[in-house]
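Survey of secondary and tertiary structure
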Amino acid sequence: MRKFLTTILTVLLTVILLGGIAAGIFCFWKFVPTRKLADQKTWFQAQGDQVAIFLDNELVKGVHGRSVDGEIYLPLTWVNKNLNERFYWDQAGKQLIYALPETIVYADAGTMGSSGRPLLVEQDGEVLLLSSLVATYTDLRMARPDGGEVQRIFVDTSWDPFLTAQIRKEGKVRTQGGGKSPILAEVKKGETVDVLETLDKWTRVRTESGYVGYIQSRLLTDTTHCTPVSTFQAPVYTSISMDEPVCMVWHQVTSPEANQKMPELMARTDGVNVIAPTWFMLTDNDGSFDSLADRDYVDKAHDMGIQVWAALDNFNRGDNVNSAILFASTDARQRLITSLMKEVDRYGIDGINLDIEGIREEAGPHYVQFIRELSVSCRKEGIVLSVDTYVPSAYTAFYNRAEQGRVADYVVIMGYDEHYAGGEAGSVASLEYERTGIENTLKQVPAEKIISAVPFYTRLWVVGKDGKTTSTAMGIANAKKWVAENQVKLTWQENLGQYYGEKDTEDGTCQIWLEEEDSMSLKVKLVRDYRLAGIACWKLGFDTESIWGIVKQAGR
């Protein structure tokens with residue numbers, strides 16, 4: 001019996017001992033911090049001459065800078081997307097172009113910076129910019145810490161106050177909050193760290209040596225607010241602004257003879273202070289255009305107290321124009337700008353109105369660069385530059401209205417063609433379409449630069465018995481005449497801000513959403529309510545004398 005009890009006791013003691021050992025091992029692994037070092041190449045996702053990029057203290061994944069002869073270079077595409085979109089790369093000419101308010105700066109692979117290093121390099125088909133060049137033209141801070149297996153660069157774009165703290169006791173910065181996370185770096189007593197995020201027991205910090213990780217909160221003391229101060233001198237893109245609200249009307253000119261009709265057409269207008277004849281029509285991808293400019297026309301307009309903003313378009317004679325090719329060519333852009341400015345000087349024109357429509361997304365950056373470069377010449381010569389743009393939408397974002405609003409004098413919202421020829425029947429410009437277009441443009445362009453363009457036309461839609469839909473554009477007078485002659489009953493559509501009428505015919509159902517004085521009054525009210533720069537009207541000849549009494553209220 002004694003032997004049995006001894007055996008039982010031995011087993012129990014062994015179990016207790018083993019349990020204690022297991023508990024000790026468990027506590028060790030759970031509570032004792034690891035001394036494992038993080039693999040920096042894996043953590044920073046960079047190796048060799050690659051440079052890890054931190055943007056506002058977040059590691060940029062999948063994108064690297066490069067170390068070339070001791071200097072750090074940043075990918076142009078990444079810089080454009082995240083820091084400064086004005087660095088423009090001319091692929092054909094292998095040159096970098098930067099448009100300032102009154103000059104244009106050019107650089108190529110042979111252009112050296114103050115450090116004696118090239119301002120740009122090409123590696124594996126990628127264009128890289130010297131980091132100090134980016135800093136020269138951009139409102140940001142850069143830091144390049146020394147040490148460690150991986151080179152790093154910190155780019156900070158925020159100038160908001162942030163917290164710093166002192167290390168009160170030597171400690172370790174880890175990849176994650178918790179003692180079992182690998183060690184990124186060690187910090188010594190007295191070092192200063194930036195406080196990025198405070199958790200319960202751990203704090204995310206950025207060290208002076210260039211590591212972003214987590215340290216135990218109890219090791220921090222003397223928290224202080226730090227407010228960075230920018231010394232960047234931002235370029236000032238001055239703009240021309242009329243002393244009164246803009247009341248502009250386009251004059252569609254397709255032949256020299258059409259110029260002669262301007263005085264007659266203008267006789268029934270009231271309050272117009274800008275006329276935009278469609279004089280300049282792009283014809284090829286080399287920057288050539290046909291011109292219908294007329295000095296006598298300009299002189300007569302000036303005698304009426306009216307400015308002339310000649311329009312340049314890519315559709316009237318642009319069958320052979322590929323905007324992506326034209327605007328991507330620096331030579332073509334320069335040739336076009338030089339020719340335009342010669343026409344402006346020759347005919348005494350007051351402004352240029354860009355009406356470039358229907359371009360594809362790949363042409364977007366090049367077209368915006370053209371606007372920048374043209375704005376330089378216009379600014380120098382005191383010429384007004386206005387840019388026509390669509391109502392904002394996801395598929396027209398590449399028109400970059402924000403940049404247009406910075407470098408051009410006016411941005412004109414073409415608030416029509418909500419329903420267009422070839423599409424479904426509907427209003428050309430409902431009130432909500434206009435309102436939404438204005439509100440979304442205001443998110444990118446200041447009100448004092450926005451001109452709201454309204455239609456002097458509507459469409460007579462015919463929904464055929466075969467199911468096909470066709471339409472004909474009609475000016476206000478002709479639309480009213482059709483309604484009267486066909487005895488069409490009109491019904492006010494409150495949600496559209498327009499009268500609607502329809503009639504069954506042998507060809508199908510005719511539908512019309514009418515533009516007239518009541519609908520125009522609501523559109524004019526939007527201009528006043530949002531305190532916009534003015535109103536523009538398409539087009540001269542589609543108007544009636546009575547409509548001008550409404551339109552001119554936009555400036556009151």
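Let us look at the structure shown here. Bear in mind the structure is a predicted one, so any value in this text is a computation, not a measurement.

About the criteria used
Residues numbered from 1 in each chain as written. Predicted model: local features only at pLDDT ≥ 70, side-chain atom pairs only at ≥ 80, totals over all residues. Heavy atoms only, no water. Buried < 20%, exposed > 50% of the residue type's maximum accessible area, 1.4 Å probe, protein only. Helix = DSSP H or I, 4+ residues; strand = E, 2+ residues; numbered from the N terminus. Arc of directions from axis to C-beta. Contact = heavy atoms within 4.5 Å. Polar contact = N/O pair within 3.5 Å; in protein donor to acceptor, adjacent residues only side chain to side chain. Axes fitted to C-alpha atoms, helices over the stretch in contact; angles between N-to-C directions. Left-handed = near helix turned anticlockwise from the far one by under 90°. Nonpolar A, V, L, I, M, F, W, Y, C, P; charged D, E, K, R; others polar. Expected span 1.5 Å × (residues − 1). Pairing = 2+ DSSP bridges. Salt bridge = Lys/Arg side-chain N within 4 Å of Asp/Glu carboxyl O. Parallel < 35°, antiparallel > 145°, perpendicular 65-115°, else oblique.

Among all positions of helix H7 (residues 295–303), only Tyr297, Val298 and Ala301 are buried. Down the axis of H7, the sector holding all buried residues measures 95 degrees, keeping them to one side. In this fold, the buried residues of H7 make contact with strand S18 (246–251), helix H5 (256–259), helix H6 (262–266), strand S19 (274–277), strand S22 (307–313) and helix H9 (330–347). The N-cap of H7, judged by a side-chain oxygen 2.8 Å from the amide nitrogen of Asp296 a few residues on, is Asp294. Following H7 by one or two positions, Gly305 has its phi on the positive side, about 80 degrees.

At a minimum axis separation of 10 Å, H9 and helix H10 (residues 364–381) run at an interaxial angle of 35 degrees. Classified by chirality, the crossing of H10 by H9 is right-handed. Counted together, Arg333, Leu336, Ile337, Leu340 and Met341 of H9 and His366, Gln369, Phe370, Glu373, Leu374, Ser377, Cys378 and Glu381 of H10 form the full contact between these two elements. Taken together, the residues that form the contact of H9 with H10 break down as 7 nonpolar, 3 polar and 3 charged.

Right, let's get into helix H12 (residues 431–442). In this model H12 runs 17 Å from its N-terminal to its C-terminal C-alpha over 12 residues, within 8% of the 16 Å that 1.5 Å per residue would give. Those residues of H12 that are buried are in contact with strand S25 (410–414), strand S26 (450–455) and helix H14 (517–529).

Below, the discussion takes up unusual backbone geometry. Following Trp538, the chain continues into Lys539 via a peptide bond in cis, with omega recorded as 0 degrees. For Lys539, the location among the structural elements is in the loop between strand S32 (534–538) and helix H15 (545–551). Its identity as a non-glycine residue notwithstanding, Lys94 has a phi of 50 degrees, on the positive side. Assignment of secondary structure puts Lys94 in the loop between strand S4 (88–90) and strand S5 (95–99). Notably, Asp222 is not glycine yet its phi reads approximately 50 degrees, a positive angle. Tracing the sequence through the fold places Asp222 in strand S17 (residues 220–226). Its relative accessible area of 53% is what places Asp222 among the exposed residues.

In this sheet, strand S28 (residues 469–475) lies alongside strand S27 (residues 457–464) in antiparallel orientation, the contact comprising 7 bridges. Residue Val463 lies in a different strand from S28, and its bridge partner there is Thr469. Connecting S27 to the antiparallel partner S28 that follows it, the hairpin turn spans 4 residues, and Gly467 within it adopts a positive phi of roughly 90 degrees.

With that out of the way, let us pick up the pattern of salt bridges. Summed over all chains, the structure comprises 19 salt bridges. Close ionic contact of Arg206 with Asp156 constitutes a salt bridge, the shortest N to O distance being 3.0 Å. Here Arg206, found in strand S15 (residues 202–207), pairs with Asp156, found in strand S10 (residues 151–156); they are 50 residues apart in sequence, far enough to count as distant. Note on Arg206: relative accessible area 12%, which makes it buried. By relative accessible area, Asp156 is classed as buried at 7%.

Our next topic: the packing of H12 against H14. Remark: H12 packs on H14, axes separated minimally by 10 Å, with the N-to-C direction vectors making an angle of 15 degrees. Relative to H14, the element H12 lies roughly parallel. Considering the relative orientation of H12 and H14, their crossing is right-handed. Here Leu431, Glu434, Arg435 and Ile438 of H12 come into contact with H14, specifically with Leu522, Lys523 and Leu526. A per-class count over the contact of H12 with H14 returns 4 nonpolar, no polar and 3 charged.

One open sheet holds the 5 strands; their spatial order is S28-S27-S31-S30-S29, and the pairing between them is antiparallel. Because the sheet does not close on itself, it has two edges, and the strands there are S28 and strand S29 (491–493). If you compare each strand with its neighbour and ignore which way they point, the axes differ by 25 degrees on average. Two strands pair when backbone bridges link them, and S27 and strand S31 (residues 508–514) are joined in this way by 5 bridges, in the antiparallel orientation. Looking across to S31, one finds that Trp461 is bridged to Gln511. Lying over the sheet, helix H13 (residues 476–485) contacts S27, S28 and S31, oriented at roughly 115 degrees with respect to S28.

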